[in-house]
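Residue-level structural notes
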Amino acid sequence: MSKTEELVDLIVRLALEEATPEIKTLVGHRFPDDDVWLCCWLAKKFIPKAANAEIVFINAGEFLPGSEKDPSILHFDTGGGEYDQHSKSLKRASSTTILAEKLGLSDDPGLKPLVEMVTAVDNIEPLLPDSIHFTIEGYPRMFQSNGTIDWRQVQERVFELFDIVYNQATIKARSRENLKKYAEWTTLPNGLKIASLLWHPESREAAFEAGAAVVIWTQSKGPHYFYTGIQSNRNYPALRLNKIAAFLRFAEAQTRNIHVSNKDLTYTGRGEPISVWFLHDNLKLILNGSRSWKPSEDEYTKLQPRQIIGLVHKALSTIPSEVVQKWNKR
């Protein structure tokens, strides 16, 4: 879409919003399922004039009495109206998919996992054991007292859950886009694929998804300081980073004029003689600074980012190619 077309589309949407009446009531069926809840959440989040709408529940298949032709009332998953997928002969649909398409949100990356979950539930398809569907099912039991369910509390918890999933999925999509822009990829002679993310640590999971065996990232902490992380992919369980830790600690010692000859530098944790580089007990994560460890001024590494990347490449290049080939076949 060209900039002119985008501008025209924006003007049309704004005009439609001006012409649309305030949405006062959102209607779903009693004991609401995932589809009803997600439709209501979508309406409140993405329809400006529905943000303060009241949510009411009626018998499945019915209309709210007196709501005929009232544009301030929207029915979801009940009544056979515009946003009820029942009796429409639609393939693998839900009321949410209809509403999302109407709002132009079908391709919103944050919505995709939520819409997929709701559609799977509505079509009685298998779900993963940790699907949020089972959490949503559990809320009415949690907020029940003497046979009465506090639907207001259920709504708050379900909407909070949708917010979390939506925000996480949106962040993941953004990190994938940033990966395309900022990642530096290196395939070592032995076949290991390394991703370097200078100043963009948010894309490390996307780098693992894209096939990186090891990801190196830095995060700015001011004009002269930065955090560093080096992590191996979970799909490479035999890949250990203790040799990288030794290379980094030796280079750090040289920079700081600390004598470490004949000393084992592959230890875990932040022990002496070089305590600025942390190696996790599982040998798959190296850090200099993190959310749980704020270094003092002297604990920040004295090495430069490009120097760190070179040392990681050098250490990983010592792994025989036949070993890497075995890892890649798993």
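Throughout what follows, the structure given in this document is the object of discussion. (Residues numbered from 1 in each chain as written. Predicted model: local features only at pLDDT ≥ 70, side-chain atom pairs only at ≥ 80, totals over all residues. Heavy atoms only, no water.)

Observations regarding the packing of aromatic side chains
Definition in use: When the centres of two rings from Phe, Tyr and Trp lie within 6.5 Å, Trp using its six-membered ring, the rings pair. Their planes under 30 degrees apart give stacked, over 60 give edge-to-face, and anything left gives tilted. Secondary structure follows DSSP: runs of H or I at least 4 residues long count as helices, runs of E at least 2 residues long count as strands, and numbering of each begins at the N terminus.
Under the criterion given, the structure shown has 15 aromatic pairs. Taken together, a centroid distance of 5.9 Å and an interplanar angle of 70° make the contact between Phe46 and Tyr166 edge-to-face. Of this pair, Phe46 sits in helix α2 (residues 34–46) while Tyr166 is found in helix α6 (residues 151–182), placing the two residues 120 residues apart along the sequence. Ring centres 6.2 Å apart and planes at 35° place the aromatic pair Tyr139 and Phe143 in the tilted group.

Considering helix α4 (residues 112–122)
Note the threshold: Each residue is placed in one exposure class: buried if its accessible area under a 1.4 Å probe, protein chains only, is under 20% of its type's maximum, exposed if it is over 50%, and partly exposed if it falls in between.
Among the residues of α4, Leu114, Val115, Met117, Val118, Thr119 and Ala120 are the ones counted as buried. Just downstream of α4 lies Ile124, where phi reads positive at about 55°.

Considering the sheet that holds strand β8 (residues 214–220)
Spelled out, the test is: DSSP bridges decide pairing: two strands pair if at least two such bridges lie between them.
The six strands are arranged β6-β7-β8-β9-β11-β10 in an open sheet whose pairing can be described as mixed. For this open sheet the edge positions go to β6 (184–187) and β10 (278–279), each flanked by a neighbour on one side alone.

Quick notes on the environment of Lys102
The criterion, for reference: Contacts between residues were defined by any pair of non-hydrogen atoms, one from each residue, lying within 4.5 Å.
Summarising the element assignment, Lys102 is placed in helix α3 (residues 95–102). With 105 residues separating them in the primary sequence, Lys102 and Ala207 have C-alpha atoms 34 Å apart. Among all residues touching Lys102, those that are not within four sequence positions of it are Glu82 and Tyr83.

Considering the pattern of salt bridges
What counts here: By salt bridge we mean one thing: a side-chain nitrogen of Lys or Arg within 4 Å of a carboxyl oxygen of Asp or Glu.
Following the criterion strictly, the structure yields eleven salt bridges and no others. The salt bridge partner of Lys102 is Glu82, with a shortest N-O separation of 3.3 Å. One end of the pair, Lys102, is in helix α3; the other, Glu82, is in the loop between β3 (73–75) and α3, and 20 residues separate them in sequence. The exposed category is assigned to Lys102, whose relative accessible area is 54%. Close ionic contact of Glu184 with Arg306 constitutes a salt bridge, the shortest N to O distance being 2.7 Å.

A few points about the sheet that holds β3
The test is simple: Lines fitted to the C-alpha atoms define the axes, with helices restricted to the stretch that makes contact. Angles between their N-to-C directions range from 0 to 180 degrees.
With respect to topology, three strands assemble into an open sheet ordered β2-β1-β3, the strand pairing being parallel. Of all strands in the sheet, those bounded by a partner on one side alone are β2 (54–58) and β3. Along the sheet, successive strands turn relative to each other by an average axial angle of 25°, direction set aside. Here strand β1 (residues 25–29) pairs with β2 via five bridges, running parallel. Each bridged residue has a counterpart across the sheet, and for Thr25 the counterpart in β2 is Glu54. Contacting β1 and β2, α2 crosses the sheet at an angle of about 170° to β1.

A few points about the pairing of β1
Let me state the cut-off plainly: A clockwise course of the path from the first strand over the helix to the second, judged with the strands pointing away from the viewer, identifies a crossover as right-handed.
Among the five residues in β1, five count as buried, and that is most of the element. For the crossover from β1 across α2 to β2, the handedness is right-handed. Direction of pairing for β1 relative to β3: parallel, over a ladder of three bridges. Paired with Leu26 across the two strands is Leu74, which belongs to β3.

Section: the state of the cysteines
Rules: Cysteine sulfur atoms that pair up within 2.5 Å are treated as a disulfide.
In total, this model carries zero disulfides according to the counting rule given. Summary of cysteine pairing: Cys39 is not part of a disulfide, and the nearest cysteine sulfur, belonging to Cys40, is at 6.9 Å.

Remarks on the nonpolar core
Stated formally: By nonpolar core is meant a set of buried Ala, Val, Leu, Ile, Met, Phe, Trp, Tyr and Cys residues that side-chain atoms within 4.5 Å join together.
Leu26, Trp41, Phe76, Leu114 and Phe162 are the most contacted members of the largest nonpolar core, which has 39 residues in total. Secondary structure elements with two or more residues in this core: α2, β2, α3, α4, α5 (132–142) and α6. For this core, the element with the highest residue contribution is α2, accounting for eight residues. Contact partners of Trp41, with chain neighbours within four places excluded, come to Phe46, Leu111, Leu114, Phe159, Phe162, Asp163 and Tyr166.

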